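Analysis of the macromolecular model
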Amino acid sequence: GDEKVQNKSKVDLWQPNTASLICKNATVDVHVKRNDTQGLHAHLKQQHIDYGVFISNLQKEIEKQTGYRSSRKRRSESQYDYEVYHSLEEIQSWMFEMNKTQSHLVDMFSIGKSYEGRPLYVLQIGKRSRHQKKAVWIDCGVHAREWIGPAFCQWFVKEAINSYQYDSVTRRLLNQLNFYIMPVFNVDGYHFSWTTDRFWRKTRSKNHKFHCRGVDANRNWKVKWCEEGASSHPCDDTYCGPFPESEPEVKAVAKFLRKHKKRVKAYISIHAYAQMLLYPYSYKYATIPNFNCVELAAHNAVTALYSAYGVRYRYGPASTTLYVSSGSSIDWAYRNGIPYAFAFELRDTGYFGFLLPESLINPTCTETMRAVKAIASGLLKKCETDRDRFPYI
């Protein structure tokens, strides 16, 4: 691919998410409007660029996932269906329900408000304890169109609660750790992706100079902000925002994590798609001080994930494994003393892209659950390989 393609017809880049990352012989996933398809076909042929069509009618695929519930397997109201995608309203009422019916293990609270004034809810999962417990933070839905994220956060909560009775690993994790789960980080964007534009990525904040809305919530953190791998243009998908923590959602999470930094030992952010497990640094190619411990944790997680269905994930530093990006949440978490900071890129590798079918929610969440449990279990063991080189452990 080349720059010309993007300028000729307005395409929506799925992978990579910005034109500057397109290089020779790289694979590029794009979504184009129906009226632009013939022009693009002709252009690619003329340039002798190999291409294939993965989804010929996106609208039809979208409707399968947002259409009337009658056509989707909707069980009785009392039985929440974890194998369909849910709107923000449904997710929030599910959170209230969990808080009410599972109060022995669940505590729900708000850490602030979004740009459009929606509450930012977090669920604390774990057995109540008098002493301070180590904690794991997991957020989903930083990028609005990555719907498998919120589906996983809900799956995690359901699994943790349901298997507490009979699974000794889960019981030990919930007895010894607290999990902070934020099912939808970017609430405004997620809502917008349901009502208006399924492929919206950013937040929904307004920019005074431009008509374009939204900031990339994973480029807005106060660490090497708006340097390589982020855009300073408000209309771009990787726009870093007017200043670090300009987005109330980012600011609220950063404030919460700062407040609890002594206890939070792992930060996990769930994204899609690429089938990767990434850790710092995102903004540079250098090796983190506690690389051995983090790499071992990643290796164990990916091995556990593979054991479910044989799906292979690549793992490594974000900068070398995916691409360089600045102002990311994992770099921020790591720099703020959280020794294990991970970003998952869930299924798939581009066939369905952001439109992962609902039939794949179960296997995707099942395998990811194994990986997250492996990371959490690792926190209960001491990792000695490079303890002295990381001041925070």
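With an unreviewed UniProt entry as reference, the protein is termed Carboxypeptidase A6, source organism Sparus aurata. Regarding the protein, the UniProt comment filed under Cofactor (unreviewed entry) reads as follows: "Zn(2+)".

A word on the overall build of the protein. The secondary structure content of the protein amounts to 12 helices and 10 strands. What you see for the protein is a C-alpha radius of gyration of 20 Å, in line with the 21 Å of a compact globule of 393 residues. C-alpha extents for the protein along the principal axes are approximately 65 × 55 × 45 Å. By the burial criterion, 56% of the 393 residues in the protein qualify as buried. Only carbon and sulfur atoms are counted for the fraction: they give 50% of the accessible area of the protein, which is about 18,200 Å². Taken together, the 55 basic and 39 acidic charged side chains of the protein have centroids lying 6 Å from each other.

This part is about the UniProt feature "domain: Peptidase M14" (unreviewed entry) in the protein. In the numbering used here, UniProt assigns the feature "domain: Peptidase M14" (unreviewed entry) to residues 84-379. Helix makes up 37% of residues 84-379 and strand 18%, and the two end C-alpha atoms of the span are 32 Å apart.

Once that is clear, we can look at the state of the cysteines. Counted according to the given criterion, the structure contains four disulfides. Disulfide pairing places C140 opposite C153 at an S-S distance of 2.1 Å. Linking C140 and C153, the disulfide has an S-S dihedral of approximately 85 degrees and is accordingly described as right-handed. Residue C140 is found in strand β5 (residues 134-140), and its partner C153 is found in helix α5 (residues 148-163); the two are separated by 13 residues along the sequence. What links to what in the protein: the bonded cysteines, counted in sequence order, pair as 1-2, 3-5, 4-6, 7-8.

About the criteria used
- Residues numbered from 1 in each chain as written.
- Predicted model: local features only at pLDDT ≥ 70, side-chain atom pairs only at ≥ 80, totals over all residues.
- Heavy atoms only, no water.
- UniProt positions renumbered as here; feature names shortened; annotations may be inferred.
- Helix = DSSP H or I, 4+ residues; strand = E, 2+ residues; numbered from the N terminus.
- Rg over C-alpha atoms; globule rule 2.2 N^0.38 Å.
- Buried < 20%, exposed > 50% of the residue type's maximum accessible area, 1.4 Å probe, protein only.
- Areas by Shrake-Rupley, 256 points an atom, 1.4 Å probe, with all protein chains shown as cover.
- Lys, Arg positive; Asp, Glu negative; His and termini not counted.
- Charge placed at Lys NZ, Arg CZ, Asp CG, Glu CD.
- Disulfide = S-S within 2.5 Å.

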